[in-house]
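Chain by chain, the residues:
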Amino acid sequence: IVVDPFDYVVFGGTGDLARRKLFPALYHRDFDNQLPETARIIGVARRDETTESYRADVEDAIRASLPEGDIDGEALGRFLSRVVYVRADGTRDDGWDELSRVLDERRECIRVFYLATASNLFGPICHRIKNHDLITDKTRLVLEKPIGHDLESSRAINEAVGQDFPEDRIYRIDHYLGKETVQNLMALRFANVLFEPLWNAAHIDHVQITVAETLGLAERAKYYDQAGALRDMVQNHMLQMLCLVAMEPPTCIWADAVRDEKLKVLRALKPIAGRAASNVTVRGQYRAGAADGHAVPGYQQELGPGAPTSQAETFVALKLEIDNWRWAGTPFYLRTGKRLPSRVSEIVVTFRPIPHSIFSRDAGPVVPNRLVIRLQPDEGIKLWLMIKDRGPGGMRLRNVPLDMTFREAFGQRNPDAYERLLLDVVRGNQTLFMRRDEVEAAWRWIDPILEAWDANKEGVKPYTAGSWGPSASIALIERDGRTWYEED
Ligand code: BG6
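Quick notes on the rules
Counting restarts for each chain: residues are numbered from 1 in the order of the written sequence. Where totals are concerned, whole chains, interfaces and linings use all residues; where local detail is concerned, this predicted model gives features only for residues with pLDDT of at least 70, and gives and counts side-chain atom pairs only at 80 or more. Computation of side-chain values covers all heavy atoms of the structure but excludes hydrogens and water. UniProt positions are given in the numbering used here, feature names are shortened, and annotations may be inferred rather than shown by experiment. What makes a residue near a molecule or strand is one non-hydrogen atom of that residue sitting within 4 Å of it. N or O atoms within 3.5 Å of each other form a polar contact, as long as, within protein, one can give a hydrogen and the other can take it, and as long as residues adjacent in sequence are counted only when both atoms are side-chain atoms. In this description, accessible areas are obtained by the Shrake-Rupley approach with a 1.4 Å probe, and a residue is regarded as covered only by the protein chains that are shown. Counting from the N terminus, the helices are the DSSP runs of H or I reaching at least four residues and the strands are the DSSP runs of E reaching at least two. Residue polarity follows a fixed list, in which Ala, Val, Leu, Ile, Met, Phe, Trp, Tyr, Cys and Pro are nonpolar, Asp, Glu, Lys and Arg are charged, and the others, Gly among them, are polar. Just to be clear on terms, a salt bridge is a Lys or Arg side-chain nitrogen sitting within 4 Å of an Asp or Glu carboxyl oxygen. Here a Phe, Tyr or Trp ring, Trp counted by its six-membered ring, pairs with any other such ring whose centre lies within 6.5 Å, and the pair is stacked when the planes are under 30 degrees apart, edge-to-face when over 60, and tilted otherwise. Think of it in three bands: residues with accessible area under 20% of the maximum for their type are buried, residues over 50% are exposed, and the middle band is partly exposed, with areas taken using a 1.4 Å probe on protein chains only. Helix axes use the C-alpha atoms of the stretch in contact, all axes being lines fitted to C-alpha atoms, and the angles between their N-to-C directions lie in the range 0 to 180 degrees. Angle categories: roughly parallel below 35 degrees, roughly antiparallel above 145, roughly perpendicular from 65 to 115, and oblique for all the rest. Take the far helix as your reference; a near helix turned counterclockwise from it by less than a right angle gives a left-handed crossing, and one turned clockwise gives a right-handed crossing. Residue contacts are counted whenever heavy atoms from the two residues lie within 4.5 Å of one another. A pair of strands is labelled paired if DSSP reports no fewer than 2 bridges between them.

- If you check an unreviewed UniProt entry, the chain appears there as Glucose-6-phosphate 1-dehydrogenase from Rhodomicrobium udaipurense.
- The record in UniProt for the chain states the following under Pathway (unreviewed entry): "Carbohydrate degradation; pentose phosphate pathway; D-ribulose 5-phosphate from D-glucose 6-phosphate (oxidative stage): step 1/3."
- In UniProt, the chain has this text filed under Catalytic activity (unreviewed entry): "D-glucose 6-phosphate + NADP(+) = 6-phospho-D-glucono-1,5-lactone + NADPH + H(+)".

## Things to note about the site of the ligand
- By nearness alone, every residue bordering the ligand is listed as Lys145, His175, Tyr176, Lys179, Glu213, Arg220, Asp232, Met233, His237, Lys338, Arg343 and Gln376.
- Between the ligand and Lys338, the relevant distance is 2.6 Å, taken from an oxygen atom to a side-chain nitrogen or oxygen of the residue.
- When the ligand sits alone it has 400 Å² of accessible area, and the protein chains cover 87% of it.
- Residue contributions to the shell around the ligand peak at three residues, all from helix 8 (residues 221-246).
- Residues that form the shell around the ligand fall into these classes: two nonpolar, three polar and seven charged.

## Notes on the pattern of salt bridges
- Summed over all chains, the structure comprises 49 salt bridges.
- Here Arg92 makes a salt bridge to Asp94, at a shortest N to O gap of 3.1 Å.
- In this structure, Lys264 and Glu261 form a salt bridge, with 3.2 Å as the shortest nitrogen-oxygen distance. Here Lys264 pairs with Glu261, and both are found in helix 9 (residues 255-268), just three residues apart, close to one helical turn.
- Among the charged side chains, a salt-bridge network with shared partners connects Asp7, Arg40, Glu98, Arg101, Glu105 and Arg106.

## So, the packing of aromatic side chains
- The tally for this structure, following the rule as stated, stands at 16 aromatic pairs.
- A ring pair is formed by Trp327 and Phe332, whose centres lie 5.3 Å apart and whose planes are at 80°; its orientation type is edge-to-face. One exposure class covers both Trp327 and Phe332, and it is buried.
- Ring centres of Tyr333 and Trp484 lie 6.2 Å apart, and the angle between their planes is 80°; this geometry places the pair in the edge-to-face category.

## Focus on the packing of helix 8 against helix 14 (residues 436-455)
- Contact pair helix 8 / helix 14: the axes reach a minimum separation of 10 Å and the direction vectors enclose 135°. In this view, helix 8 runs oblique relative to helix 14, as classed from their interaxial angle. Along this stretch, helix 8 crosses helix 14, giving a crossing that reads as right-handed. Each of Leu230, Arg231, Val234, Gln235, Leu239 and Gln240 in helix 8 lies in contact with helix 14, whose residues at this interface are Glu438, Val439, Ala442, Trp443, Trp445, Ile446, Ile449, Leu450 and Trp453.
- Taken together, the residues of the contact of helix 8 with helix 14 break down into eleven nonpolar, two polar and two charged.

## A short note on the sheet that holds strand 4 (residues 110-115)
- Spatial strand order, 3-2-1-4-5-6-17: seven strands in an open sheet with mixed pairing. The open sheet has two edge strands with one neighbour each: strand 3 (83-87) and strand 17 (433-434).
- Where strand 4 lies against strand 5 (residues 139-143), five bridges are found, and the strand directions are parallel. Paired with Val112 across the bridge in strand 5 is Arg140.
- In the packing of helix 5 (residues 122-131) onto the sheet, contacts are made with strand 1 (6-11), strand 4 and strand 5, and the angle to strand 4 comes to roughly 155°.
- Helix-sheet contacts for helix 13 (residues 417-427) involve strand 1, strand 4, strand 5, strand 6 (170-173) and strand 17, and the interaxial angle to strand 4 is about 135°.

Printed below as a string of structure tokens:
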């Protein structure tokens, strides 16, 4: 369905996110004929560019980010003709008159300001948007994560932005919520009768959430070294996934009904603080090793010669508990890292063992059921069940998966998360975006971990690039008699 006419204004228009994610996503939507004829995309940055040179740059970025088969010359040409560049500075008044002039050409259409910049610029940019009278009745604001680097800074930013934009116009993006399989969690849980009766501590032994990347630091050293994996991945993507797994059924799928339930989970997280934090968290940093079959340098080497010794974690594993009726007694194990052996993100729900076995020893072990929700690559859902092995040799049990991959089931390209989310903003649908109280509740839980690491002088444990992180991460789960799930 074609959305209403819009102007999409991207601050940070020459940055990594705009180039790698936002423009390719908008191009795809255009290719699928979902952008109205008059839609414009206005890149804003400080760099000296003309609209012409910027279009060439956007074209390069799209070609570099998408497989060749996804590029259609005509569609790309149409998309580029929508692109306009305005040179403006978020922290000074330079260029804003020009931005006003361009936007005033189309005051009646939906206007989206997407701030793909560091979050300390959000307040200053919003004030300028307001002072230059750029907020119309149909204006929306998108904020990229992470918002701040702790609860205090996040509050200050939300406060500053809130002076110019009411909450119902603010879209705090967490692109994991736009991933098909993450959204599918809601369908799986609440459109089937099978799982919900079992979805609690009485029947679920534990849950694992893994987001593994083979990528290293790439060009994002400056940001990443300040952030580290806990702030970059856990505070947002991983906690959001945890919320969708653990929340109570919302009464409907409206934004606030879902967000209210997620918030309750965040508030029920058992604090990890003080000396105890060392028992349930692991921080790691990769050393030289191999990734995707190539030798790769260590994190510190990537920072460059002369860089001070970094204590940023590129890997984090932790065990957390949710203090509520449904989940008391079921731990959640989270891990994420850069330069791990493969790019794989999945949620693994392990059910409890059967209460009593009727089978003889010869039948083999009865393995607890597992539900594996694979987010990437090869999005799909796998349910491990016990069956009888074939043949006349008596009752022998076997653990086999019911396996559904999206590629086979739908046979079409899986849209990138940003494709859905960018147009949800135009449609005015906030369901897949974070509310201010969610972001702050997440920081409220993260802050004591950061403080404990600091107070306990919890340094980063080295791991070889291409391995599954420090051995302490394996010990973290094995101590409880469990293991990280590995695909056979
Ligand atoms: C971003 C993080 O939010 O998510 C990156 O800042 C990370 O460090 C990325 O690489 C992972 O996203 P995806 O969609 O590739 O899993």
